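# Structural features, examined
The primary structure of each chain is shown beneath.
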Amino acid sequence: MHDFLFITGGILALAGGLLAVIARNLFHAALGLALTLTGTAGLFIPLGGELISVVQILVYLGAVAIAVIFILMLSPPFYLKRPHRSGVKIALAVGTVVIFAIPLWRAISSTCEVANRTAQSPTVAQIGRSLLTEFVFPFEIISVLLTVAIIGAIVLARDLPEDKDIVHDVSTSREESK
Amino acid sequence: MTSLSSYLALSTILFLCGAFGMMERRNLVGLLISIELMLNAASINFMAFNHYLFPGTVTGQIMTLFVIGLAAAEATLFLAIVFAVYRHYRSINVERVDHLRG
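Not measured: the values here are computed from a predicted model. (Residues numbered from 1 in each chain as written. Chains lettered and ligands numbered in written order. Predicted model: local features only at pLDDT ≥ 70, side-chain atom pairs only at ≥ 80, totals over all residues.)

## Examining the overall build of chain A
Tallying secondary structure elements over chain A gives seven helices and zero strands in all. When the helices and strands of chain A are placed in sequence order, the string is α-α-α-α-α-α-α. Classification of the 178 residues of chain A by burial places 24% in the buried group. Of all intrachain contacts in chain A linking residues separated by at least 6 positions in sequence, the fraction that spans at least 24 positions is 57%. (Helix = DSSP H or I, 4+ residues; strand = E, 2+ residues; numbered from the N terminus. Buried ≥ 20, exposed ≤ 12 C-beta atoms within 10 Å, placed from the backbone. Contact = placed C-beta atoms within 7 Å.)

## Remarks on the overall build of chain B
The secondary structure content of chain B amounts to three helices and zero strands. Along chain B, helices (α) and strands (β) appear in the sequence α-α-α when read from the amino end. Here the C-alpha radius of gyration of chain B, 17 Å, is well above what a compact globule of 102 residues would show, namely 13 Å. Here chain B, with 102 residues, has 51% of them falling under the buried criterion. Nonlocal contacts in chain B, meaning residues at least 24 apart in sequence, comprise 47% of its contacts between residues at least 6 apart. (Rg over C-alpha atoms; globule rule 2.2 N^0.38 Å.)

## Some words on the interface of chain B and chain A
Taken together, the contact between chain B and chain A spans 57 residues of the former and 67 residues of the latter. In terms of residue count, helix H3 (residues 59-89) of chain B provides more of the side of chain B that touches chain A than any other element does, 20 residues in total. Among the residues forming the side of chain B that touches chain A, the class breakdown is 40 nonpolar, 15 polar and two charged. (Nonpolar A, V, L, I, M, F, W, Y, C, P; charged D, E, K, R; others polar.)

## What to know about helix H2 (residues 28-53) of chain B
An α-helical segment advances 3.6 residues per turn. Residues three or four places apart therefore align on the same side. An ideal rise of 1.5 Å per residue puts 38 Å on 26 residues; H2 of chain B measures up with 37 Å between its terminal C-alpha atoms. For H2 of chain B, the buried fraction is high: 20 of the 26 residues fall into the buried class. (Expected span 1.5 Å × (residues − 1).)

## Describing the confidence of the model for chain A
With 82% of its residues at a pLDDT of at least 70, chain A reaches an overall mean of 82. Long-range and interchain partners of residues 165-170 of chain A, a stretch whose pLDDT sits below 50, account for zero contacts in this model, where long-range means more than four residues apart. (pLDDT = per-residue confidence, 0-100.)

## Notes on the environment of Leu77 of chain B
Assignment of secondary structure puts Leu77 of chain B in helix H3. A tally of 16 C-beta atoms within 10 Å means that Leu77 of chain B is categorised as partly exposed. Measuring from C-alpha to C-alpha, the distance between Leu77 of chain B and Leu100 of chain B comes to 19 Å, with 23 residues separating the pair along the chain. Sequence-distant contacts of Leu77 of chain B, defined by excluding residues within four places in its chain, comprise Ala149, Gly152 and Ala153 of chain A.

Structure, rendered in structure tokens:
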């Protein structure tokens, strides 16, 4: 069962990841990201993270759905021909990937292999208790961060008529001072 | 079949996909997608190390929860910035957003 989940989730995650970076159309790329996130949620189950798997689908996939709506608003119509990728950029990107890949593969191959232990996967109660005792400080920090992000998003995305007035005032006052 | 290094290999490939996208995409939303891929690879690593090296503890799972929370906050702000950039430049191509260039 665990092998099945690992293979299925892994194939979904890899296919989605490739689609997310190769697809020319951003809408398809976002759908690929959604596929990756779903596959990753499946991968978390054999790792004993049923709660994390559910949170991943609830929080992450919701965020991706919003991103898809943004992409539909911001992208040109689908019937227009997409610009081709330039070969130089692809070569540079592949070079970067190779530079990252070599030390990462070395690190993996030098990782000591551990037997698949059959320890009890942590329960939700354990996670919750630890979140409110040992990790209470980062937990509170992240709630502040989310509040700041919400307020910041509203401030950034708002249309700012008063700013235009300020710019206008500055330009008129400059003209007056001349 | 399932071992620590198979999970690590999978997350490495996902991370490299994200890195490729980061270097190659010229669209802000495409960059956001690549960042999410890389964060996702990081959370797979946290979960795998927690399960195989420290069984019975929850530290890695809590880290994954924090990564998911941070990614949500980051996506919110990123989309707001994309919206503001689009309103200002009428484009979300990062090569046209160059007013702060030194």
